[in-house]
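An overview of the molecular structure
The chain contents come next:
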Amino acid sequence: MTRVWKWNRPVTVREVLEDLQQERSIAYTTVMTVLDNLHQKGWVRREAEGRAYRYEAVSTRAAYAAALMNDAWSQSDNPAAALVAFFGMMSQEQRQALADAVRIVQGPQSTEAPEARRARPPEGGEPEAARARQEENPGSAEGADER
């Protein structure tokens, strides 16, 4: 996929082969098999050109990476723990990129910090401490009229 994205246009097996051979020895049939597998998996589309095919990426590199991360995450028996471990491996720059991405996905919501939202009484005017007491002891008379 890296080579297909690098060219940023439909490419032939021969073009990818020649590009890869600048770094290592690789067989034409290996490149052809990999591109065919990518086509079968839906990551590239191909169009016949004479006796060969031209292959083109179906999605961006970012979408591909996201799909891989989603697949790995969904395979976990404990997704929350997997996320905690993943976030723990991130650099400060990666955590900042994650925070930026979350803001983009959430859209134009309040930019107020979460701590400020928790400290502010809810719109009903009930103080935070009274609400917390009610949650701890739901059978108490306090707040019973609201149930």
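Quick look at the structure, then.

Reading the values: the criteria
Residues numbered from 1 in each chain as written. Predicted model: local features only at pLDDT ≥ 70, side-chain atom pairs only at ≥ 80, totals over all residues. Heavy atoms only, no water. Helix = DSSP H or I, 4+ residues; strand = E, 2+ residues; numbered from the N terminus. Buried < 20%, exposed > 50% of the residue type's maximum accessible area, 1.4 Å probe, protein only. Contact = heavy atoms within 4.5 Å. Core = buried A, V, L, I, M, F, W, Y, C linked by side-chain atoms within 4.5 Å. Pairing = 2+ DSSP bridges. Polar contact = N/O pair within 3.5 Å; in protein donor to acceptor, adjacent residues only side chain to side chain. Expected span 1.5 Å × (residues − 1). Arc of directions from axis to C-beta. Axes fitted to C-alpha atoms, helices over the stretch in contact; angles between N-to-C directions. Phe/Tyr/Trp six-rings, centres within 6.5 Å; stacked < 30°, edge-to-face > 60°. Lys NZ or Arg CZ within 6 Å of the ring centre and 35° of its normal.

1. What to know about the overall build of the chain
- Along the backbone of the chain there are eight helices and three strands.
- Listing every helix and strand of the chain by position from the N terminus yields α-β-α-α-β-β-α-α-α-α-α.
- Across the 147 residues that make up the chain, the buried fraction comes to 16%.
- In the chain, the proportion of contacts linking residues at least 24 apart, taken out of those at least 6 apart, comes to 29%.

2. Focus on the nonpolar core
- By size, the foremost hydrophobic cluster in this structure holds 16 residues, and its most contacted members are Met1, Val4, Val16, Val31, Leu35 and Val44.
- Ranked by residue count, the leading element in this core is helix 2 (residues 13–21), at four residues.
- In this structure, Val44 is in contact with Met1, Val4, Leu35, Leu38, His39, Tyr55, Glu56, Ala57 and Val58, ignoring residues within four places of it in sequence.

3. Details of the pairing of strand 2 (residues 44–49)
- Here strand 2 pairs with strand 3 (residues 52–57) via six bridges, running antiparallel. Across the sheet, the residue bridging to Glu47 is Arg54, located in strand 3.
- Between strand 2 and strand 3, which follow one another and run antiparallel, lie two residues, and Gly50 among them has a positive phi close to 65 degrees.

4. Examining the pairing of strand 3
- For strand 1 (residues 11–12) and strand 3, the ladder comprises two bridges, and the chain directions are antiparallel. Residue pairing for strand 3: Val11 is matched across the bridge by Tyr55.

5. A short note on the environment of Gln40
- Within the secondary structure layout, Gln40 lies in helix 3 (residues 28–40).
- On the accessibility criterion, Gln40 (60% relative accessible area) is exposed.
- Here the side chain of Gln40 touches Asp36 through a polar contact of 2.7 Å, side chain to side chain.

6. Focus: the side chain of Asp19
- Here Asp19 lies in helix 2.
- For Asp19, the residues in contact, after removing those within four places along its chain, are Arg3, Lys6 and Trp7.

7. Structural notes on helix 3
- A rise of 1.5 Å per residue sets the reference length of helix 3, with its 13 residues, at 18 Å; its end C-alpha atoms lie 18 Å apart and thus fit the reference within 8%.
- Considered for burial, the residues of helix 3 that qualify are Val31, Leu35 and Leu38. The arc that holds the buried residues of helix 3, viewed along the axis, is 55 degrees, so those residues lie on one side.
- Looking at the packing, one finds that the buried side of helix 3 touches helix 1 (2–7), helix 2, strand 2 and strand 3.

8. Overview of the side chain of Thr12
- With respect to the helices, strands and loops of the structure, Thr12 is situated in strand 1.
- Apart from the residues within four sequence positions on either side, Thr12 is in contact with Tyr53 and Arg54.

9. Focus: the sheet that holds strand 1
- Spatially, 1-3-2 is the arrangement adopted by the three strands of the open sheet, whose pairing is antiparallel. Both edges of this open sheet fall to strand 1 and strand 2, since each of them pairs with a single strand only.
- The sheet strands contacting helix 3 are strand 2 and strand 3, and the helix crosses strand 2 at an angle near 120 degrees.

10. So, the packing of aromatic side chains
- All chains considered together, the criterion is met by four aromatic pairs.
- Plain terms: the ring middles of Trp43 and Tyr64 are 4.5 Å apart, the flat faces sit at 85 degrees to each other, and that makes the pair edge-to-face. Of the two residues, Trp43 is situated in the loop between helix 3 and strand 2 and Tyr64 in helix 4 (residues 61–74); the sequence distance between them amounts to 21 residues.
- Since its relative accessible area comes to 21%, Trp43 is described here as partly exposed.
- Between Phe86 and Phe87, the ring centres sit 6.1 Å apart and the planes meet at 50 degrees, which makes this aromatic pair tilted.
- The class for Phe86 is partly exposed, based on a relative accessible area of 37%.
- Members of the aromatic cluster, each reached through a chain of ring pairs, are Trp5, Trp43 and Tyr64.
- Across the ring face of Tyr53, the terminal group of Arg46 is positioned such that the distance to the ring centre comes to 4.1 Å.

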